[in-house]
Amino acid sequence: MLTKRIIPCLDIKNGRVVKGVNFIGLKDAGCPVELARQYNDQLADEIVFLDITATNESRQTMLEVVKRVAREVFIPLTVGGGIASTGDVKALLNSGADKVAINSAAVNNPQLITELAEIFGSQCIVVAIDVKKHQNEWLVYTHGGSKATGIEIRSWIDQVVRRGAGELLITSIDTDGSRNGFDLELYRLLGQTRVPIIASGGAGRLQDFADVLGLTNVSGALAASVFHYQQLSIIQLKRKLHRLGVRIRL
Amino acid sequence: MIGIIDYGVGNVFSVRNALKKVHCNSIMIKKPRDFSKVKKIIMPGVGAFDDALNSLQQSNLYHSLIRVIEQGMPTLGICLGLQLLASSSEEGLAAGLGFIQQRVQKLNYQPHMPVPHMGWNKVEFNNSKIFDCKQGYYYFVHSFYLDIIESTTGVTAYSQRFSAAVEKENILGVQFHPEKSGVNGLKMLGRFGECI
């Protein structure tokens, strides 16, 4: 059967990996090519790179990072951050990315999802969605979690899937960086979708992965800092999840 | 030298990188005469069924590709590349290359089984000449599949069981992406590329 994916995420700024808490306060966490290689050796199922500056300059740096990683790492690579046009996507795919994640640009112009899916195929279009809880509903935020859109998450998911998103990367801003666990309430609410959901935000301990992969329908769990600072090694995590009965590739 | 068939659509960056990693040189096959430079061919897994076949017709590769495969050149079809070796597909109207007498079908959506089938899944091997293990995990991204047939040597289960690997004389077809399947995929590519 299809296994659940463990996905390390590298936030990239000026060609280096950085990690913040609740989207702010950045610390240097190493060289992206070196980290990607280590994660690959530890049986990461996929690697996500997020360009958190997303300027024209950083986009060029990102293409170089992707090219260098793709020469050495032979697992799926997803790149996100500031992607706003078919040209951006084409350049990334031609540099060795397998999928691209779009976020703010999709909210500003939902038609972009349709266009990208038609040109490149749904399988390489990931829509990243950042959400925050307000009373009893989760609302979508853009621009690195700083701008409220007022859009309710389920209506947004319906739209992006209809337009051809092949996968959803859903980050809970409330739990991101907290290391207190994934937002189980959120992923339970989302239930069954036609496309895979990757859960993100809040990973701290092994049990957090076991909970989100075992108790909700998500296809994978993404984390950054717990892996960068070697609090959890991916291979140890995967072995333990396997022992707990989660379907895992080893 | 391994020739990678150019359908003019997707990018084959990762296939070429992976071949380089296992010390195999590759060139792109864009015209019929390029076949004289290579000893093995790879049909990569990018694009849609009809687009790839129409592109082969337009570049005049269609008939020469069929001829070199008939003459016994070792051929690896990856994902869509495997499907192109079949007679036809539910994905399109074009006629496939016809080396595998099957119609490629669409995966059915079922609860808990999103389509495309995307991610790492287990392949169980039987009577394979190229895979020396009983089972292993490989990376899949596809919405169409080939049924289990006599020449199937690898089977994977998703919403139904389907051919993950097919071996028939000089043809090897895999539904997964060896170039994205980590060590297992590199090993397979290395074995395919051996002795050239």
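Structure's up top.
Residues numbered from 1 in each chain as written. Chains lettered and ligands numbered in written order. Predicted model: local features only at pLDDT ≥ 70, side-chain atom pairs only at ≥ 80, totals over all residues. Heavy atoms only, no water.

A. Structural context of the nonpolar core. Core analysis: the largest hydrophobic core is formed by 80 residues, its most contacted members being Phe49(A), Ile129(A), Leu168(A), Ile170(A), Tyr187(A), Phe209(A) and Phe227(A). Residue contributions to this core peak at six residues, all from helix α2 (residues 56-70) of chain A. Beyond its immediate stretch of four places on either side in the chain, Ile129(A) contacts Val140(A), Ile153(A), Trp156(A), Ile157(A), Leu168(A), Leu169(A), Ile170(A) and Thr171(A). One finds Val115(B), Phe131(B), Phe140(B) and Leu186(B) within the second-largest nonpolar core, a separate group that totals 36 residues. (Core = buried A, V, L, I, M, F, W, Y, C linked by side-chain atoms within 4.5 Å. Buried < 20%, exposed > 50% of the residue type's maximum accessible area, 1.4 Å probe, protein only. Helix = DSSP H or I, 4+ residues; strand = E, 2+ residues; numbered from the N terminus. Contact = heavy atoms within 4.5 Å.)

B. Highlighting the environment of Gly98(B). Residue and element names in this part refer to chain B. For glycine 98, the location among the structural elements is in the loop between β5 (86-89) and β6 (100-106). For glycine 98, a relative accessible area of 24% translates into the label partly exposed. For the pair glycine 98 and leucine 85, spaced 13 residues apart in sequence, the C-alpha separation works out to 5.6 Å. Not counting residues within four places of it along the chain, the set of residues in contact with glycine 98 comprises Leu84, Leu85, Ala86 and Ser87.

C. Up close: the interface of chain A and chain B. Taken together, the contact pairs 32 residues of chain A with 29 residues of chain B. In this assembly, chain A packs against chain B so that about 2500 Å² is buried in total across both faces, 61% of it on carbon and sulfur atoms. The largest contributions to the chain A side of the interface with chain B come from Met1(A), Leu2(A) and Phe74(A), which together make up 30% of the buried area. Here chain A is connected to chain B by one salt bridge. Those elements that provide at least two residues to the side of chain A that touches chain B are α2 and α3 (86-95) of chain A. Element by element, the count of residues in the side of chain A that touches chain B is highest for α3(A), at three residues. Per-class residue counts for the side of chain A that touches chain B are 13 nonpolar, nine polar and ten charged. (Buried area = accessible area lost by both parts, 1.4 Å probe. Salt bridge = Lys/Arg side-chain N within 4 Å of Asp/Glu carboxyl O. Nonpolar A, V, L, I, M, F, W, Y, C, P; charged D, E, K, R; others polar.)

D. View of the packing of aromatic side chains. Residues and elements named next belong to chain B. A full pass over the atoms with the stated rule returns twelve aromatic pairs over all chains. Both rings, one in tyrosine 145 and one in phenylalanine 162, keep their centres 6.3 Å apart while their planes meet at 55°; by these two values the pair is tilted. Of this pair, tyrosine 145 sits in strand β9 (residues 144-145) while phenylalanine 162 is found in strand β11 (residues 161-168), placing the two residues 17 residues apart along the sequence. Residue phenylalanine 162 is classed as buried on the basis of its relative accessible area, which comes to 0%. Within the aromatic cluster, the residues linked to one another by ring pairs are Phe125, Phe131, Tyr138, Phe140, Tyr145, Phe162 and Phe176. Looking at lysine 40, its charged tip hangs above the ring of phenylalanine 192, at a distance of 5.5 Å from the centre. (Phe/Tyr/Trp six-rings, centres within 6.5 Å; stacked < 30°, edge-to-face > 60°. Lys NZ or Arg CZ within 6 Å of the ring centre and 35° of its normal.)

E. Quick look at the sheet that holds strand β4 (residues 75-78) of chain B. Residue and element names in this part refer to chain B. Within the open sheet, the nine strands sit side by side as β2-β1-β3-β4-β12-β11-β10-β7-β8. Their pairing is mixed. Taken across any chain shown, the strands that pair with only one partner, and hence form the sheet edges, are β2 (26-29) and β8 (135-142). With direction set aside, neighbouring strand axes in the sheet form an average angle of 25°. Bridge count between β4 and strand β12 (residues 171-174): four bridges; the pairing is parallel. Counted as the bridge partner of threonine 75 is isoleucine 171 from β12. (Pairing = 2+ DSSP bridges. Axes fitted to C-alpha atoms, helices over the stretch in contact; angles between N-to-C directions.)

F. Looking closely at the sheet that holds β6(B). Residues and elements named next belong to chain B. On the basis of which strands lie adjacent, the open sheet formed by three strands has the order β5-β6-β9 and mixed pairing. This sheet does not close on itself; its edge strands, each paired only once, are β5 and β9. Sheet topology places β5 next to β6; three bridges connect them, and they run parallel. The residue of β6 that forms the bridge with serine 89 is valine 104.

G. Layout of helix α8 (residues 206-215) of chain A. Regarding α8(A), the residues found buried are Leu206(A), Asp208(A), Phe209(A), Ala210(A), Val212(A) and Leu213(A). Residues of α8(A) that are buried in the fold lie against β1 (5-13), α7 (184-190), β11 (197-200), β12 (220-223), α9 (225-228) and α10 (234-243) of chain A.

H. Expanded view of the packing of α8(A) against α10(A). Residue and element names in this part refer to chain A. Between α8 and α10, whose axes approach to 10 Å, the crossing angle comes to 50°. The orientation of α8 with respect to α10, classified from their angle, is oblique. Between α8 and α10 lies a crossing of right-handed hand. In contact with Leu206, Phe209, Ala210 and Leu213 of α8, α10 contributes Leu237, Lys240 and Leu241. (Parallel < 35°, antiparallel > 145°, perpendicular 65-115°, else oblique. Left-handed = near helix turned anticlockwise from the far one by under 90°.)

I. Just the pattern of salt bridges, in detail. Residue and element names in this part refer to chain A. Inspection of every chain in the model, using the stated rule, returns 18 salt bridges over all chains. Notably, a salt bridge pairs glutamate 46 with lysine 99, separated by 2.9 Å at the nearest N-O pair. Here lysine 99 lies in strand β6 (residues 99-102) and glutamate 46 lies in the loop between α1 (32-41) and β4 (47-51), a separation of 53 residues in the sequence. Across the pair, lysine 99 and glutamate 46 agree in class, each one buried. Across the salt bridge formed by aspartate 208 and arginine 205, the nearest N and O atoms sit 3.0 Å from each other. Looking at aspartate 208, the relative accessible area reads 4%, which means it is buried.

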